[in-house]
Every structure is written in C-alpha cells, then in structure tokens.
Amino acid sequence: MKFLWVISLICSIIGFAQGIVFVFGAVSAPQQAAGAAMGVAWAVIPYCICRAIQQMRPQEVVIKKD
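Residues numbered from 1 in each chain as written. Predicted model: local features only at pLDDT ≥ 70, side-chain atom pairs only at ≥ 80, totals over all residues. Heavy atoms only, no water.

A. Inspection of the overall build of the protein chain at higher detail. When helices and strands are counted, the protein chain shows 2 helices and 0 strands. The globule rule puts the C-alpha radius of gyration for 66 residues at 11 Å, and the 17 Å found for the protein chain is more than 25% above it. Viewed in the frame of its principal axes, the protein chain has a C-alpha envelope of about 65 × 20 × 20 Å. Looking at the protein chain residue by residue over its 66 residues, the buried ones come to 15%. Nonlocal contacts in the protein chain, meaning residues at least 24 apart in sequence, comprise 70% of its contacts between residues at least 6 apart. Looking at the protein chain as shown, the accessible area adds up to about 5500 Å², and 71% of this sits on carbon and sulfur atoms. (Helix = DSSP H or I, 4+ residues; strand = E, 2+ residues; numbered from the N terminus. Rg over C-alpha atoms; globule rule 2.2 N^0.38 Å. Buried < 20%, exposed > 50% of the residue type's maximum accessible area, 1.4 Å probe, protein only. Contact = heavy atoms within 4.5 Å. Areas by Shrake-Rupley, 256 points an atom, 1.4 Å probe, with all protein chains shown as cover.)

B. Layout of the environment of Lys-2. Looking at the element boundaries, Lys-2 is found in helix 1 (residues 2-25). When its relative accessible area of 74% is taken as the criterion, Lys-2 is described as exposed. Measuring from C-alpha to C-alpha, the distance between Lys-2 and Cys-50 comes to 9.6 Å, with 48 residues separating the pair along the chain.

C. View of helix 1. Here helix 1 spans 34 Å end to end across 24 residues, near enough to the 34 Å set by a 1.5 Å rise per residue. Considered for burial, the residues of helix 1 that qualify are Ser-8, Cys-11, Gly-15, Gln-18 and Gly-19. On its buried side, helix 1 packs onto helix 2 (29-56). (Expected span 1.5 Å × (residues − 1).)

D. Quick look at the side chain of Gln-18. Here Gln-18 shows up in helix 1. By relative accessible area, Gln-18 is classed as buried at 16%. At 2.6 Å, the side chain of Gln-18 and the side chain of Trp-42 are in polar contact. Dropping the residues within four chain positions of it, Gln-18 is found in contact with Met-38 and Trp-42. (Polar contact = N/O pair within 3.5 Å; in protein donor to acceptor, adjacent residues only side chain to side chain.)

Functional significance is not addressed by these values, which are geometric in nature.
Given below as structure tokens:
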C-alpha cells in the first residue's frame, strides 16, 4: 500500500508543477483552465485510486475495554 501512496505523491508533485507551468505560460483563460484541470487530474486520480484500493481491504479495528 505504501508503494501506491508514493506513486500518488509523485503524481501530485507532477500535477503541481504542470499546473503552475501551464497556468503561468498560458496566453488565454481557456488555456489556463485546461492547464489547471490537467494539474488537478494528475493529483486527484491517483489519490482516488489509492483510497478505493484501501477501502476494498479495510483493516479490522479492535477496541480493548479494560
């Protein structure tokens, strides 16, 4: 599971960089919106995949009472 979270972190960094470059390098509002959307997609999609896999295998929590 840690491997998937590392991939998610790397994709988030790529998405941040891509969003910054595309937003500040754009010459029009539609280009800025497209760049921001692509940056967000890089970050959100891997995160959602990690959370879905994590929820498919929930760990059982046991609460001990004294």
